[in-house]
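In case you want the letters, here they are:
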Amino acid sequence: MHTPVRPGSRSPGAGPAVPDGARDVVVVGGGIVGLAVAWRAARAGLTVTVLDPSPGDGATHAAAGMLAPVTEADFGEDDALRLHLAAAAAWPGFADDLHAATGADVGLRTAGTLTLAYDADDLASLRRVLALHAAHGLASHELTVADARRLEPYLGPRVAGAAWAPADHAVDPRATHAALLGALDGGAGPETLAGAGAEARAAVVRASARRLALDPSGRVVGVHDDAGRLHAAGAVVVAAGWESGTLLMDVPGVVVPTRPVKGQTLRLDAGPDLALEHVVRGVVQGRPVYIVPRDPVPDGQGHDCAGHREVVVGATTEENPDDRRATAGGVFALLRDARALLPGIDEAALVDVTPRARPATPDNLPLVGPTAVPGLHVATGHGRNGILLAPLTADAVVAGLTGTPLPADVAAALSPTRTDRFAEPGFDARRSAAFSPTTPR
Ligand SMILES: Cc1cc2nc3c(=O)[nH]c(=O)nc-3n(C[C@H](O)[C@H](O)[C@H](O)COP(=O)(O)OP(=O)(O)OC[C@H]3O[C@@H](n4cnc5c(N)ncnc54)[C@H](O)[C@@H]3O)c2cc1C
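Residues numbered from 1 in each chain as written. Predicted model: local features only at pLDDT ≥ 70, side-chain atom pairs only at ≥ 80, totals over all residues. Heavy atoms only, no water.

Trainee: Account for the sheet that holds strand β13 (residues 279-284), naming residues and giving values.
Mentor: Taken in spatial order, the eight strands line up as β5-β6-β4-β13-β14-β15-β12-β16 in an open sheet, and their pairing is mixed. For this open sheet the edge positions go to β5 (141-143) and β16 (349-360), each flanked by a neighbour on one side alone. Averaged over all neighbouring strand pairs, the angle between strand axes comes to 25 degrees, with direction disregarded. Bridging between strand β12 (residues 259-270) and strand β15 (residues 309-314) involves six bridges; their strand directions are antiparallel. Opposite R267, over in β15, you have V312 as the bridge partner. (Pairing = 2+ DSSP bridges. Helix = DSSP H or I, 4+ residues; strand = E, 2+ residues; numbered from the N terminus. Axes fitted to C-alpha atoms, helices over the stretch in contact; angles between N-to-C directions.)

Written as structure tokens, this is what we have:
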């Protein structure tokens, strides 16, 4: 069903013929997933064009950046847990490679995650989750409130209990995206290639994909953009977030039922009086909230913001379209619950409210890899965990593009993400209540 694209595929016998002037790969969508795929593909020797009218302005812009396989684990979601654990393992190498290639610090913090229960009912539910963690052998355990305060002295007076997950970390998604974009982007058209070395094989074009180009045999051979240009390619990777399903709706043989699930995050500027060290998650009267600190602004610069740090508070989860509206109720609820756990938040400056839509699927698992349509690959539907999943997704997609096998344990973790699962008999995507395409842009 799938023929790999190989570096130098213009030479005879090395994969499908890529016409003169075509790229090995066009990636539709320049969020963290599309750019991670493009960057890894370029480093694997493929020529790559990314199409996106506004790279990084989707869900990636809102994400807090938790890398949280343990504290995101849920009942009945064992496939997601295995996938998320494999994804977490891919992050340190990805961050190191990106740093080595670009010099960028992507803000990977490995200080662990503290979870707080606000009242007795919240503690009962936290203990059920801890039992789930224990059943899976995950690194987490209950803490006394006194021990939790030793970890984070800024906790409020009313905390009923706590738990500690030492291997759940965080990264700065905006910094990661900027590093990837800088590595890939020549800032010009498809003819101009960026930089030198592996990234010289990549370009980012500010344009929207309108539809895929198929040859008479049904093979995908490129993408038409909104200016009427054809971007010819040996393979196309659709990584357009929640809009992926809309773009692919008329392509026979592939069903990608992505939908938008709106979320809002807040960015605060916290001073030295709220010097959080760990990700703090909590349940406040049944409502989840999290507070993710970045590294402090370096001292010694002699300016006012020394010791300040960005703190991200999130997130609402709304079955709403990607309307980009910050709501008073959403902001109020996040601040109310965050300050119940960390009252010092009152003193922080509210800098930014970011409403965006997660790319969700009916089974809460992404779609990653080659499809039944020759030349078409997808990398979408990453829902609440797309930052966590981006490096692993990139490895998987590039393995599919080049025909390189993945290690057996990684392939096993990725197997629930196979792209044909919604095309099976019995799943009617267009009738699914969870599938709500809107007008493509
Ligand atoms: C509030 C919130 C908090 C989150 N927190 C976390 C977190 O803590 N940890 C975590 O792991 N994940 C988190 N996520 C999830 C994560 O942000 C997403 O899963 C991830 O960003 C998805 O990346 P993406 O590249 O697939 O999609 P996006 O970032 O949405 O990028 C899709 C891109 O495709 C482009 N596009 C769309 N249509 C077209 C077209 N026709 N042609 C060309 N380009 C197109 C868009 O312009 C956009 O740039 C959060 C999400 C939200 C909304």
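Structure's up, so let's keep going.
Trainee: Pulling in residues and values, what's your account of the pattern of salt bridges?
Mentor: In total, this model carries 27 salt bridges according to the counting rule given. A salt bridge links R356 to D57; its shortest N-O distance comes to 2.7 Å. In this pair, R356 is assigned in strand β16 and D57 in the loop between β2 (48-51) and α2 (59-62), connecting sequence segments 299 residues apart. Accessibility expressed as a relative area gives 11% for R356, which makes it buried. Take D57: its relative accessible area is 29%, and that puts it in the partly exposed class. Several salt bridges share partner residues, and in doing so they unite D57, D322, R324 and R356 into one network. (Salt bridge = Lys/Arg side-chain N within 4 Å of Asp/Glu carboxyl O. Buried < 20%, exposed > 50% of the residue type's maximum accessible area, 1.4 Å probe, protein only.)

Trainee: Break down the confidence of the model for the chain for me, with residues and values.
Mentor: Across the chain, pLDDT averages 90, with 87% of residues at or above 70. A low-confidence stretch, residues 10-15 (pLDDT under 50), is modelled with 11 contacts involving residues beyond four sequence positions or located in other chains. Counting interchain partners and residues more than four positions distant, the pLDDT-below-50 stretch residues 433-441 has 23 contacts. (pLDDT = per-residue confidence, 0-100. Contact = heavy atoms within 4.5 Å.)

Trainee: Could you give me a rundown of helix α6 (residues 173-184), with the residues and numbers involved?
Mentor: With 12 residues, α6 extends 16 Å from end C-alpha to end C-alpha; this agrees with the ideal 16 Å at 1.5 Å per step. On its buried side, α6 packs onto α1 (32-43), α2, α3 (78-102), β8 (202-205) and α9 (386-402). Between the side-chain oxygen at the start of α6 and the backbone nitrogen of R174 there is a gap of 3.1 Å, and the oxygen is on D172. (Expected span 1.5 Å × (residues − 1). Polar contact = N/O pair within 3.5 Å; in protein donor to acceptor, adjacent residues only side chain to side chain.)

Trainee: Please provide a residue-by-residue account of the nonpolar core, values included.
Mentor: V27, V48, W91, L180, V237, L392 and L401 are the most contacted members of the largest nonpolar core, which totals 54 residues. For this core, the element with the highest residue contribution is α9, accounting for 10 residues. Excluding anything up to four places from it in sequence, L392 contacts L83, A86, A87, A90, V410 and L414. Grouped together as the second largest cluster of nonpolar side chains are 27 residues, L116, L143, V331 and I345 included. (Core = buried A, V, L, I, M, F, W, Y, C linked by side-chain atoms within 4.5 Å.)

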